[in-house]
Amino acid sequence: VIFALLAALPACDVPLAGTHSGDPEDQLLREESRTEKTNAQGLYTIDVEVEDGDTSFQVTATAPGDHRTSVDSVRDPSGRKILDWQEALQGDHQISGAFIPQRSTTAFNWPIQEKDGPLEPGTWQVTWTVTNQSLFPQPRSRIDLVTAIKRDPDLATAVIRVRILYARGVDDPKIVNAVEDAVEHWRDIWAEEGITLVERYDTTTLDPDLGFYREGSTAAEEASAGKEPGELQLIVGESIDRDTYIYGVSSGIPGTIQISESTYVVLSWLSHAGRDGRFDLDEIKLMGQTMAHECGHYIGLFHPVEGGYYRWDSLRDTPECSTFPTCADVLGRNLMFPFSLCDATGCVNQTQITDDQSGVFHLQVSAL
Ligand SMILES: [Zn+2]
């Protein structure tokens, strides 16, 4: 999430556009789905079979209705528990949003960062919890799971595909031109890290106020049906639930590459254009940075420091700071800084990506 000027900017979700048969990228990603039921404790453990040469995986879990999914624990092929939800949530260094039961659909990536890898071949086990909205575990409850495994011989360069969807009525040429110019700025930011952005555009009948952004919706799922494997999705609307201080939001840290009710980053064009509804060059640049920032959340990046200055990401090379002035000083130019820093003369360029942040991008299953 990124908020405007000491309000926050919400996170973005970037889907990778699909691959076509005959495309060598097809061999880089393999997927498998299944439907299961939780045990008496409301848990289900899925085996992820990792072969030699596999570099990362994503497991996506979906529970029906208003049930929620989250990761309970993860075991490596030797059976050792390497992640546990209680430990993960108690710490002041964030690892993955998958431990938080927020939505019906939740994605878990592994490895998340370079120091977690390389991915060891064998049977990995990811244990999921299904709860109701009051967070009570749901025994013998349905859970749908999709595993995507990436085999990427070159982790230094990647193509990330994004399907950009316009909400209903967001087709005024002044908006479309500004979005396309912002995408060029976004492309430059990612290119610095060896990532080639390949985008395509579609129109939808989704509500331009993006009121579904928090919970997901069947309309959003229907709109994502045209998505291809590995592709991310960015939905451009007028506002995010009429809050024009929010620039964009990612549906998860990370988000899923599967078709679901929550496969999106949402972006408000009006929050960027400002009260006059017209884009100047600074506003277009800011919108490009929001796209790159929110999609950074979608692939699994946290803010290097959160707004209260007492929670941090778990990367080694993002400085730790605990007050606004020091954080603005050492991290204010980082792509994942939680606020835009603007005054009457313009905004600070927030485009820097550290090596460890770049590593998170390249490990993600959508980076092919
Ligand atoms: Zn953010």
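Above this text you will find the structure in question.
Definitions and limits used
- Residues numbered from 1 in each chain as written.
- Predicted model: local features only at pLDDT ≥ 70, side-chain atom pairs only at ≥ 80, totals over all residues.
- Heavy atoms only, no water.
- Pairing = 2+ DSSP bridges.
- Helix = DSSP H or I, 4+ residues; strand = E, 2+ residues; numbered from the N terminus.
- Axes fitted to C-alpha atoms, helices over the stretch in contact; angles between N-to-C directions.
- 1 Å grid on protein atoms, 1.4 Å probe; cavity = no way out; pocket = protein on both sides within 12 Å on 5 of 7 lines; lining within 4 Å.
- Points joined across faces, edges and corners; volume = space filled by probe spheres on them.
- Nonpolar A, V, L, I, M, F, W, Y, C, P; charged D, E, K, R; others polar.
- Phe/Tyr/Trp six-rings, centres within 6.5 Å; stacked < 30°, edge-to-face > 60°.
- Buried < 20%, exposed > 50% of the residue type's maximum accessible area, 1.4 Å probe, protein only.

**Considerations on the sheet that holds strand β6 (residues 81–84)**
Reasoning step 1: The antiparallel open sheet is built from four strands, whose spatial order is β3-β9-β5-β6. One side of each edge strand has no neighbouring strand; the edge strands of this open sheet are β3 (43–50) and β6. Taking each pair of neighbouring strands and ignoring which way they run, the sheet shows an average axis angle of 30°.
Reasoning step 2: Direction of pairing for strand β5 (residues 68–75) relative to strand β9 (residues 122–131): antiparallel, over a ladder of seven bridges. When the sheet's bridge partners are listed, R68 is paired in β9 with T131.

**Notes on the layout of surface pockets**
A water-sized probe, rolled over the atoms, reveals where empty space remains.
Reasoning step 1: Taken as a whole, the second largest pocket spans an internal volume of roughly 500 Å³.
Reasoning step 2: If you go around the second largest pocket, you meet 20 residues; those closest to its centre are Y247, S271, H272, G274 and E283.
Reasoning step 3: Secondary-structure elements contributing two or more residues to the lining of the second largest pocket are α4 (269–273), α5 (281–299), β17 (342–343) and β18 (346–347).
Reasoning step 4: A class-by-class count of the residues in the lining of the second largest pocket yields nine nonpolar, six polar and five charged.

**Looking at the sheet that holds strand β8 (residues 105–110)**
Reasoning step 1: Taking strand neighbours across the sheet as the criterion, the four strands line up as β2-β10-β4-β8 in an open arrangement whose pairing is antiparallel. Each having just a single partner strand, β2 (29–37) and β8 make up the two edges of the open sheet. The sheet shows a mean angle of 15° between the axes of neighbouring strands, taken without regard to direction.
Reasoning step 2: Two elements, strand β4 (residues 56–62) and β8, share six bridges in a ladder whose sense is antiparallel. Its bridge partner lying in β8, T60 is registered against A107.

**Looking at the packing of aromatic side chains**
Reasoning step 1: Applying the stated criterion across every chain yields a total of ten aromatic pairs.
Reasoning step 2: For the ring pair W269 and F279, a centre distance of 6.2 Å and an interplane angle of 45° mean the geometry is tilted. Pair noted here: W269 is in helix α4 and F279 is in the loop between α4 and α5, with a separation of ten residues, a long-range link. One exposure class covers both W269 and F279, and it is buried.

**Some details on unusual backbone geometry**
Most peptide bonds take the trans form, and the phi angle of most residues other than glycine is negative.
Reasoning step 1: Cis rather than trans, the peptide bond between G117 and P118 has omega equal to -5°.
Reasoning step 2: Following I253, the chain continues into P254 via a peptide bond in cis, with omega recorded as 5°.
Reasoning step 3: Mapping P254 onto the fold places it in the loop between β14 (246–250) and β15 (265–268).
Reasoning step 4: The residue L135 is not glycine, and still its phi comes out positive at about 70°.
Reasoning step 5: Its place among the elements puts L135 in the loop between β9 and β10 (142–150).
Reasoning step 6: Its relative accessible area of 43% is what places L135 among the partly exposed residues.
Reasoning step 7: With phi around 50°, L210 is a residue other than glycine that occupies positive phi space.
Reasoning step 8: The topology assignment puts L210 in the loop between β12 (195–203) and α3 (218–223).

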